[in-house]
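The lines below spell out each chain.
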Amino acid sequence: MMNLQALIILGTLAGLASMASATPGTATFYTSYVPSACYGNTQEGTMIAAASDPLWNGGAICGKMFNVTCTGPTNPVPHPCTGNSVVVKIVDHCPGCGGTLDLSKEAFTAIADPVAGIIKIEYNE
Ligand SMILES: *[C@@H]1O[C@H](CO)[C@@H](O)[C@H](O)[C@H]1NC(C)=O
């Protein structure tokens, strides 16, 4: 039988674990969505993203949903973040992309000013 103290400790640990699962990275954007490495010529909507080499994992990442939040600028564009988060589905691979995730322009625009081109992000699955 669990006492209240044990429940509080467990709750705290769960809270810490969910915070720890947010991974920092960078994001760029792209505009040509098909064909994609995961789904060929099938359209997967516009709330999508492509994974860079370190995340791609031979395509195992296809179909995973990521919650992406803009955390700041990587370049002189001063305040790119809109303050929103966006949930995207991984549909493609971007072998040479300049960031961790290459977001659709629609997804990027939801969280940041596209003029920035590349931003700092935090993401979790
Ligand atoms: C995405 O992450 C942000 C920041 O951690 C959070 O505020 C938001 O509720 C999350 N959205 C979803 C759909 O999980």
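Everything here concerns the structure above.
Residues numbered from 1 in each chain as written. Predicted model: local features only at pLDDT ≥ 70, side-chain atom pairs only at ≥ 80, totals over all residues. Heavy atoms only, no water.

### Some words on the overall build of the chain
Phase 1 of the analysis: Helices and strands together make up the secondary structure of the chain, namely three helices and six strands.
Phase 2 of the analysis: Along the chain, helices (α) and strands (β) appear in the sequence α-β-β-α-β-β-β-α-β when read from the amino end.
Phase 3 of the analysis: For the chain, the proportion of its 125 residues judged to be buried stands at 32%.
Phase 4 of the analysis: Across the chain, the fraction of contacts at a sequence separation of at least 24, relative to all contacts at a separation of at least 6, is 77%.
Phase 5 of the analysis: For the chain, the accessible area works out to roughly 6900 Å², and carbon and sulfur atoms hold 60% of it. (Helix = DSSP H or I, 4+ residues; strand = E, 2+ residues; numbered from the N terminus. Buried < 20%, exposed > 50% of the residue type's maximum accessible area, 1.4 Å probe, protein only. Contact = heavy atoms within 4.5 Å. Areas by Shrake-Rupley, 256 points an atom, 1.4 Å probe, with all protein chains shown as cover.)

### As for the nonpolar core
Phase 1 of the analysis: Judged by nonpolar contacts, the single largest core of 21 residues is most densely connected at Val68, Val88, Leu103, Ile111, Ile119 and Ile121.
Phase 2 of the analysis: Of all elements in the fold, only strand S2 (48-51), strand S3 (65-73), strand S4 (85-93), strand S5 (101-104), helix H3 (105-111) and strand S6 (119-124) reach the threshold of two or more residues within this core.
Phase 3 of the analysis: Setting aside its immediate chain neighbours within four residues, leucine 103 contacts Ala27, Thr28, Phe29, Tyr30, Ile48, Ala49, Val68, Val88, Phe108 and Ile111.
Phase 4 of the analysis: Ranked by size, the runner-up nonpolar core spans seven residues in total, among them Tyr33, Ala50, Val91 and Cys97. (Core = buried A, V, L, I, M, F, W, Y, C linked by side-chain atoms within 4.5 Å.)

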